[in-house]
Structure formats: structure tokens, C-alpha cells
Amino acid sequence: QVQLVESGGGLVQPGGSLRLSCAASGSIGSIVDMGWYRQAPGKQRELVAAITTGATTNYAGFVKGRFTISADDAKNMVYLQMNSLKPEDTAVYYCRAFINKMLYWGKGTLVTVSS
């Protein structure tokens, strides 16, 4: 009964910042990687950023240096710092993690970038 719960989403003006958090709970034996995906209306879900053991990171091209993914292994948490947000960043952001050799998804947190 592993669960991923996202938080930190909300309404922000263009150019603003948000920090998303994802907490993994339950019987956590091992976490190989955690990451963030997003899905906007009418579009497919896409990778935003991921971090693996050894702190190796992978970012989507549209991040363009604006986002930073980080993790706190002791707390089973992953974060996504988002700066210089644009209207096109509006989407539901999902946490994803490979835990105990199984893939888990959170239910998502909505990020709306609008004036």
C-alpha cells in the first residue's frame, strides 16, 4: 500500500515560482528513482524531470534551466522547484516513483499559470 502524495500546486502569475513536493509513504524498502510528469488538457503526459540513485538527473527540453529536481532520501521526498513559470506550464503535475521494484503514480497536483 505504497502511496505518493503531491503538494504545492496552485495558481501563480507568469514569471512566478512554485515548489512541488512528493511524499512517498507506506512500506518503503527501496526507491530507485523518482520524477515528475505533467499533462495539459488535450495533450499526452510528458516527462518534466527525474532523479535516480546517485543524483543523476534528466530534464525535458522545455525546462530550459527554469526547473530543478531534488530529493531527500531520508524523508522519501522529491521536490520540483519551478521558476519563471509560463502559461504553457499549466498542467496537472504527477509524481512518479519506482518503489520496491514497482512503479507508482500520485494523483497529481494542478499548476495554473495565469494573470
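Details of the structure are given in the entry above.
Visitor: Explanation requested: the environment of Ala 23 in the structure shown.
Guide: Tracing the sequence through the fold places Ala 23 in strand S3 (residues 18-25). Those residues within four positions of Ala 23 in sequence are excluded, and the remaining contacts are Gln 3, Leu 4, Val 5, Asn 76 and Met 77.

Visitor: Help me out: how do you make sense of the environment of Gln 13 in this one?
Guide: Counting through the fold element by element, Gln 13 comes out in the loop between strand S2 (10-12) and S3. The class for Gln 13 is exposed, based on a relative accessible area of 54%. For the pair formed by Gln 13 and Gly 106, sequence separation is 93 residues and the distance between their alpha carbons is 25 Å. In contact with Gln 13, other than residues within four places in its own chain, are Val 113, Ser 114 and Ser 115.

Visitor: Sorry, what's going on with the state of the cysteines here?
Guide: Overall, the coordinates contain one disulfide when judged by the stated rule. There is a disulfide in this structure between Cys 22 and Cys 95, and the S-S distance comes to 2.0 Å. Its S-S torsion of approximately -85° makes the covalent link between Cys 22 and Cys 95 left-handed. Pair noted here: Cys 22 is in strand S3 and Cys 95 is in strand S9 (residues 91-99), with a separation of 73 residues, a long-range link. Residue Cys 95 is classed as buried on the basis of its relative accessible area, which comes to 0%.

Visitor: I'm lost on the pairing of strand S4 (residues 31-39) in this one. Help?
Guide: Two faces belong to every sheet, and in a regular strand the side chains alternate between them. Sheet analysis places S4 next to S9, joined by eight bridges and oriented antiparallel. Residue pairing for S9: Gly 35 is matched across the bridge by Arg 96.

Rules and cut-offs
- Residues numbered from 1 in each chain as written.
- Predicted model: local features only at pLDDT ≥ 70, side-chain atom pairs only at ≥ 80, totals over all residues.
- Heavy atoms only, no water.
- Helix = DSSP H or I, 4+ residues; strand = E, 2+ residues; numbered from the N terminus.
- Contact = heavy atoms within 4.5 Å.
- Buried < 20%, exposed > 50% of the residue type's maximum accessible area, 1.4 Å probe, protein only.
- Disulfide = S-S within 2.5 Å.
- Pairing = 2+ DSSP bridges.

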